[in-house]
Amino acid sequence: MTASPELSARKVSDRVLDYLDRGSALPGDLYTDASLFEDELRAVFQRQWIYAGHVSQLTQPGDFLTVDIGAESAIVIRDGQGGIKGVHNVCRHRGAQLVEESRGNARRFVCPYHQWTYGLDGALTGAPRMTDDFDKSRFPLRTVHTSEWNGLVFVNFSPGDVESLPGLLAESAELMAPFEIASARIAHTEVYDVAANWKLVWENSQECYHCNANHPEFTRTFDMRSFQNDTAISLLSFSGDRRMQCGTFPMKTGARSLTMTGAPASGRQLGQFDNGRDPYTAATHLKPGFATVFSPDYGIAFTDVPRSVNHTEVRVQWLVHADAEAGVDYNVENLKRVWDVTNLQDWALCQSVQRGVASEAFEPGPLSLDEASVAGFYHSYAAMMAAAGL
Amino acid sequence: MTASPELSARKVSDRVLDYLDRGSALPGDLYTDASLFEDELRAVFQRQWIYAGHVSQLTQPGDFLTVDIGAESAIVIRDGQGGIKGVHNVCRHRGAQLVEESRGNARRFVCPYHQWTYGLDGALTGAPRMTDDFDKSRFPLRTVHTSEWNGLVFVNFSPGDVESLPGLLAESAELMAPFEIASARIAHTEVYDVAANWKLVWENSQECYHCNANHPEFTRTFDMRSFQNDTAISLLSFSGDRRMQCGTFPMKTGARSLTMTGAPASGRQLGQFDNGRDPYTAATHLKPGFATVFSPDYGIAFTDVPRSVNHTEVRVQWLVHADAEAGVDYNVENLKRVWDVTNLQDWALCQSVQRGVASEAFEPGPLSLDEASVAGFYHSYAAMMAAAGL
Amino acid sequence: MTASPELSARKVSDRVLDYLDRGSALPGDLYTDASLFEDELRAVFQRQWIYAGHVSQLTQPGDFLTVDIGAESAIVIRDGQGGIKGVHNVCRHRGAQLVEESRGNARRFVCPYHQWTYGLDGALTGAPRMTDDFDKSRFPLRTVHTSEWNGLVFVNFSPGDVESLPGLLAESAELMAPFEIASARIAHTEVYDVAANWKLVWENSQECYHCNANHPEFTRTFDMRSFQNDTAISLLSFSGDRRMQCGTFPMKTGARSLTMTGAPASGRQLGQFDNGRDPYTAATHLKPGFATVFSPDYGIAFTDVPRSVNHTEVRVQWLVHADAEAGVDYNVENLKRVWDVTNLQDWALCQSVQRGVASEAFEPGPLSLDEASVAGFYHSYAAMMAAAGL
């Protein structure tokens, strides 16, 4: 495949900045060019922090999660010393994947093909029938960076040094602290297939210009006016390059949680909100793929997983207090409902845009006053691409 | 994707003319090269007249049809002044498609994403929350050319000026006039998926060299000898570049309609044939995608819609007199049968050719005496490609 | 599509030889690059001998088989003089395929499209409605080379001269003679879809380093130690470029056939083993696509058919003595079981490797002492690619 003429002629980051200067949406080739998509996988998704899961999934030595992005697969392991270790899910012998499961527990990792065996630290401990000069110490599983923030575990496939994840998210720390996310657990997971480019999924999540007409359930509790410009969101904060963005989600009067009715979905409140602090709902985004929104009783973790230039998998986890009991403290259908219906409404919109921007007739239009955060996303995208020289 | 070496080295129109000079079929890469297919979408299908539908589908203000070709989608609208308006189905803001339905009625077009609102004339009438200097008059829906001929509505995605559709079809006017197509209506529609290049579908429809062995139902009434050379078809006429071609379909003795038995399929005759004029069956083709065949009691409108280099969607509408009543004047199964079985027989043949011409061993052979119209199609194809500099 | 940077910069055969020198597996792009795959189809599969079927399928004049590789399709015909003729399954007129069936009997081949008719020798005998100067003798079906070895029929799509098949397989002749394969017949066929590159399927079949942990059924009778290095396999022999490789399959004590229990699967023994010769199990491979393994009572013929860069169709035929009667001498479920379960175990491994080698983190590791034949396959691959200048 070959890039579009514009993509071949100029850096994509420079083009994006030009459109940003004009207050415009982005041109169609950024959402339809398959070679650009391959570049994005390598330059963005394999160089940035990607959400892997929640620490409650990694409590015992040998507990592991896998994370797949493009052709890459990582295993995130609770090792024997209580740390978290990330390794490529690729045997050092012939390349077979060590595990196929998305989650499990292992005492060691044995390649299914020829039984090369690795410890929880990734060291090669067994390789039958090799030559006498074979040195096992030269063939540990290749490392993937990991980091934890508020109980949320991330990986980074960069081969070299990486930025500090807590550093990147520092400005969100105080905002999210009361939810004590680390002491929650995952009550439910949904995986959505969206026939749209991953950037359209992000853009959709960045503005509520579309909410009034499209999200009657969501706007029962969410006070849409707060999204009408960036500064209206209480405590809004973002990093210089806009990869990190956080703020409270102002709620309508009387709403105590982002649910169908405003009543909490879980009877077991999270964290410090049990101790009298004024409850609120807050969100933190970390491009390119992660967003989380917490109310005092439950939260969600979104992951935007690019699958092809026009196909994205969105994974959503619902988190509740570790001690909340299904059927007693919460009901899964009720817990997931407002985000599930909102998501499905959004995917139809994203898919419509994907079809429309493929037209030769599409010229990106001016952004509205309510789309400043879409411009913020463009900014973060340009920054991530520029960092890779693209 | 990259073009085949021959396609890279020479204009495809020149190559086609060389094969035409030799009386030969065309080489395999013209049916298998994915980059050529992309060129054809842009150079041919987005620059020529494409059938959209019948005026009976656009009787009331706000009635609309959509037409999709490649990445393009048009909305064809009966506007408030009784005219027909064509617009791109792409919002001027972020590019969402305004309508997903293939047909409907709208008082105005409201983008599902952010409620930008357009009148039936395509003018932007509402766009909430824009900056003060936003000028709605600069953002009408982009226009698609439309034209009507005998009640058949066509669109043309060309950005610039376009040829006159009635001018292109002028020589067919007298031939088709008695059917009074404009006063018919659509009784039935079938959509076929054909695993073959769109040009193979056309070539198949251009000759009856294959009819005797393959179409027992069709040849009960159709007098195949008439196809044995071009001049044998009564009244045969075509434009200089062969995009337009028309003529009568000679019928076997006793046949009064192109049906399974030769008896009319609809008891309500079309147009002037009720008034004593000698009935006949006639066809008109307009490349790249349209063909119609009318008998005195019913007609069909074929559309050849390219989907990928080796996949074509063929849509067939069956038209009857506007006053003909289903179950009384005609029975849909009987009405559609002869063309439906003939189509299915043809698609199997087209698919076999698609597989065969992909072989490196395929050398195009000489055309028979009965394939002059296939050469005519090649001629029209070369002309359309040459017009785009290809 | 464009080749990976390494593939663009150097001949693939030279790169493979470098990895061979280091005793290493091959890098990932050889299994994931779509343009390399297209090269392999043309340079390897369309230039080498490909298994078509068994002579028992071609006993009567007009009996035919078809063989499909990539875009090519051949018809292998028992002609009227008792010989075997190979032709391209492509009509010389417009390119339709003459037959769709994988097997059949024909008195002549009539193109379904326009009834061009060919004799069993491929000569064009009828073509209606051509011009007076049309010379049928100029349009025979294009020839595909065929050859027979021990009752196994092969085709070769090379346009020019080809090597002698019996010459290539000469060193296997004595080893396979006792099975009298020509007098067997096909009792059963399975077709497997494997989501892995065709070379991974071969590499899997070349070593038993993976057998102990993965193939409990197979290793009940197969004496795995024999695979632990090349020289341990009795009678092991191979051609200089390793395309041909053959040897006995040492069996565990007491096993008389490669079955679930070691007992024969067919009560009707093959060939000379009825006459007191010490029974054995033996295998012969012929790259790029063929392998056969015979025990004294039954044998299998494997064919590795590349479908795309990451998808391979494997066809396996089970052969028994021509006079063996289903339900009496053998039971199909029992006959096929050991290879069927072994195959399914292997495909999961091949698919795991396909996923793993796509990672940017994959570096090919050192081959074990038990993978000398994998290196042999790499050698044959380099030789076949080098022969095509790649």
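Numbers given for residues are sequential positions, taken from 1 along each chain in its written order. Whichever chain is written first is A, and whichever ligand is written first is 1; the rest continue in order. It should be noted that, the model being predicted, local features are given only for residues of pLDDT at least 70 and side-chain atom pairs only at 80 or more, the latter also being counted only at that level, while totals for whole chains, interfaces and linings use all residues. As a rule here, side-chain values cover all heavy atoms of the structure and leave hydrogens and water aside.

*Asks:* Tell me about the interface of chain C and chain A, and name the residues and values.
*Replies:* We call two residues in contact whenever any of their non-hydrogen atoms come within 4.5 Å of each other. Counting residues at the interface gives 33 residues for chain C and 29 residues for chain A. Buried area, as used here, totals the accessible surface that two parts lose on assembly, with accessibility defined by a 1.4 Å probe and the loss added over both. Here chain C and chain A share an interface that buries about 2,600 Å² over both sides, 49% of which is from carbon and sulfur atoms. Salt bridges are defined as contacts in which a side-chain nitrogen from Lys or Arg sits within 4 Å of a carboxyl oxygen from Asp or Glu. Inspection of the chain C/chain A interface yields seven salt bridges. A salt bridge links R92 of chain A to E363 of chain C; its shortest N-O distance comes to 3.2 Å. Think of a polar contact as two N or O atoms within 3.5 Å of one another; within protein, one of them needs to be a possible hydrogen donor and the other a possible acceptor, and neighboring residues in sequence only count if both atoms come from side chains. Taken together, the links from chain C to chain A amount to 19 residue pairs in polar contact (both at pLDDT 80 or more). Segments assigned H or I by DSSP are reported as helices when at least four residues long, segments assigned E as strands when at least two residues long, and all are numbered from the N terminus. For the side of chain C that touches chain A, the secondary structure elements donating two or more residues are α7 (198-205), α8 (211-214), α9 (332-357) and α10 (372-387) of chain C. Here the side of chain C that touches chain A gets six residues from one element, more than from any other, and that element is α9 of chain C. Charged residues are taken to be Asp, Glu, Lys and Arg, nonpolar residues to be Ala, Val, Leu, Ile, Met, Phe, Trp, Tyr, Cys and Pro, and polar residues to be all remaining types, Gly included. Counted by class, the side of chain C that touches chain A contains 16 nonpolar, ten polar and seven charged residues.

*Asks:* Explain unusual backbone geometry to me, and be specific about the residues and the numbers.
*Replies:* Phi is mostly negative for residues that are not glycine, and the peptide bonds are mostly trans. The linkage connecting K287 of chain B with the following residue, P288 of chain B, adopts the cis geometry, with an omega of 10°. Here P288 of chain B lies in the loop between β14 (282-286) and β15 (290-294). One non-glycine residue with positive phi stands out, namely N150 of chain C, at about 55°. Of note, N150 of chain C is situated in the loop between β9 (145-149) and β10 (152-156).

*Asks:* How would you summarise the state of the cysteines if you had to cite specific residues and measurements?
*Replies:* All names here are of chain A. In this description, a disulfide is simply a cysteine sulfur pair whose atoms lie within 2.5 Å. The full count for this structure, using the stated rule, is three disulfides over all chains. Between C208 and C211 runs a disulfide, and the two sulfur atoms are separated by 1.9 Å. The chirality of the disulfide connecting C208 with C211 is left-handed, given an S-S dihedral of about -95°. Side by side, C208 and C211 carry an identical accessibility label, which is buried. No disulfide involves C111; its sulfur sits 3.9 Å from the nearest other cysteine sulfur, which is in C91. Categorising residues by exposure relies on relative accessible area from a 1.4 Å probe, with only protein chains included: less than 20% of the type maximum marks a residue as buried, more than 50% marks it as exposed, and the intermediate range marks it as partly exposed.

*Asks:* Tell me about the interface of chain B and chain A, and name the residues and values.
*Replies:* Contact residues are listed per partner, giving 29 residues for chain B and 33 residues for chain A. Summed over both partners, the interface of chain B with chain A comes to about 2,600 Å²; 49% of that surface belongs to carbon and sulfur atoms. Its largest share of buried area at the contact with chain A, chain B owes to R94, Y113 and R129 of chain B, together 31% of the area lost on that side. Here chain B and chain A share seven salt bridges between them. With its nearest N and O atoms 2.6 Å apart, the salt bridge here joins E371 of chain A to R94 of chain B. Between the two partners, chain B and chain A, sit 19 residue pairs in polar contact (both at pLDDT 80 or more).

*Asks:* Any chance you could break down the side chain of S239 of chain B for me, citing the residues and the numbers?
*Replies:* All names here are of chain B. Within the secondary structure layout, S239 lies in the loop between β12 (237-238) and β13 (244-248). By relative accessible area, S239 is classed as buried at 13%. Among the polar contacts listed, one links the side chain of S239 to the side chain of D241, at a separation of 3.0 Å.

*Asks:* Got a sec to walk through the relation of the copies chain C and chain A? Specific residues and values, please.
*Replies:* When the copies are superposed, the least-squares fit takes in the C-alpha atoms of residues with a pLDDT of at least 70 in both. Of the two same-sequence chains, chain C is brought onto chain A (RMSD 0.0 Å, axial shift 0.1 Å) by a rotation of 120°. Given the turn and translation reported, the copies of this chain are related as if by a three-fold rotation axis. Both copies present different contact surfaces, since only 3% of the interface residues of chain C are interface residues in chain A too.

*Asks:* Let's hear about the sheet that holds strand β3 (residues 72-78) of chain C: which residues, and what values?
*Replies:* All names here are of chain C. Taken in spatial order, the four strands of this open sheet run β4-β3-β2-β5, and their pairing is antiparallel. Looking at which strands have only one partner, the edges of the open sheet turn out to be β4 (84-88) and β5 (103-105). Direction aside, neighbouring strands of the sheet carry axes that sit 25° apart on average. If DSSP finds at least two bridges between two strands, the strands pair. The pairing of strand β2 (residues 63-69) with β3 spans six bridges and is antiparallel. Looking across to β3, one finds that D68 is bridged to S73. Every axis in this analysis is a line fitted to C-alpha atoms, fitted for helices over the stretch in contact. Angles between the N-to-C directions lie between 0 and 180 degrees.

*Asks:* Hey, could you go over the environment of D329 of chain A for me, with residue numbers and the actual values?
*Replies:* Residue and element names in this part refer to chain A. Relative to the helices and strands, D329 is located in the loop between β17 (311-321) and α9 (332-357). Placed 64 residues apart in sequence, D329 and A265 show a C-alpha to C-alpha distance of 8.1 Å. If we ignore the near neighbours within four places in the chain, the residues touching D329 are A265, S266, G267, R268, D323 and A324.

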